[in-house]
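# A structural walkthrough
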Amino acid sequence: MEAESALDSFEQDTANVERFLALTKKYTDFSELTTHMINEFIEKIIVHAPEKVDGDRTQEVDIYLKFIGRFDLPAPELTPEEEKRQASLHRHRVKSRERYQMIKAGEHAVGQPFKLVCKCCGE
């Protein structure tokens, strides 16, 4: 019984892949991505509630394509230069958030220079 179920599942998956490939072959050469084209490929999009992770706002989005299901984008491979840039941007966001919190708490007057203290070493 399990063998029949596995075979049916395999045949269904094969049929879905063939349908998806037929759909992609329809659009091998186009100059504009239209709403109609997107609607042909996408089954649904689920947008999750935003979360704060390490002080950064993140929001997960799941994209489900017709015939093949959930689509996960591969993680980008960053160059060393891009990794440095991302680290610099993160440090900038942290400092900006700290400055904003100090102003909001009334600990700092707008227009005055900031003196930030490192949370690790206290300097």
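Details of the structure are given in the entry above.
Residues numbered from 1 in each chain as written. Predicted model: local features only at pLDDT ≥ 70, side-chain atom pairs only at ≥ 80, totals over all residues. Heavy atoms only, no water.

### What about the overall build of the chain?
Inclusion rule: Only runs of H or I of at least four residues qualify as helices and only runs of E of at least two qualify as strands under DSSP, and these elements are numbered from the N terminus. For every residue, the accessible area obtained with a 1.4 Å probe (protein chains only) is divided by the maximum for its type, and the residue is called buried under 20%, exposed over 50%, and partly exposed between those limits. Note on definitions: a residue-residue contact is assigned when non-hydrogen atoms from the two residues lie within 4.5 Å.
Helices and strands together make up the secondary structure of the chain, namely 3 helices and 5 strands. The N-to-C order of helical and strand elements in the chain reads α-α-β-β-β-β-β-α. In the chain, which comprises 123 residues, the proportion classed as buried is 11%. Look at the contacts in the chain between residues 6 or more apart in sequence, and 22% of them connect residues 24 or more apart.

### Here we look at the pairing of strand β4 (residues 61-65)
Worth spelling out the cut-off: Strands qualify as paired when DSSP identifies two bridges or more between them.
One ladder, built from 5 bridges, connects strand β1 (residues 42-47) with β4; its direction is antiparallel. Bridge pairing in β4 links Ile46 to Asp62. Judged from the 3 bridges that link them, β4 and strand β5 (residues 69-71) form a sheet pairing that is antiparallel. Of the residues in β5, the one forming a bridge with Tyr64 is Arg70. Here β4 hands over to β5 after 3 residues, with Phe67 in that stretch at a positive phi of 75°.

### Focus: helix α3 (residues 80-104)
Put simply, the rule reads: What a helix is expected to span follows from its residue count: subtract one and scale by 1.5 Å.
For α3, which comprises 25 residues, the first-to-last C-alpha distance of 36 Å matches the rise-based estimate of 36 Å (1.5 Å per residue) to within 8%. Remark: Gly106 follows α3 within two positions and exhibits a positive phi of approximately 80°.

### Some points on the packing of aromatic side chains
Describing an aromatic ring pair means giving the distance of the ring centres and the angle of the ring planes. Filter applied, for reference: Pairing of aromatic rings covers Phe, Tyr and Trp, the last through its six-membered ring, and needs centres within 6.5 Å; plane angles under 30 degrees mean stacked, over 60 mean edge-to-face, and all others mean tilted.
Tallying each qualifying case throughout the model produces 2 aromatic pairs. Summarising the aromatic geometry, the rings of Phe20 and Phe41 are spaced 5.9 Å apart at their centres and angled 80° between planes, so their arrangement reads as edge-to-face. Within this pair, whereas Phe20 is found in helix α1 (residues 2-26), its partner Phe41 is found in helix α2 (residues 35-41), the two being separated by 21 residues in sequence. Here Tyr27 and Phe41 contribute two aromatic rings whose centre-to-centre distance is 6.0 Å and whose plane-to-plane angle is 50°, an arrangement assigned as tilted. Here Tyr27, found in the loop between α1 and α2, pairs with Phe41, found in helix α2; they are 14 residues apart in sequence, far enough to count as distant. Of the two residues, Tyr27 and Phe41, neither departs from the other in class, the shared state being buried. Among the aromatic residues, those joined into a ring-pair cluster are Phe20, Tyr27 and Phe41.

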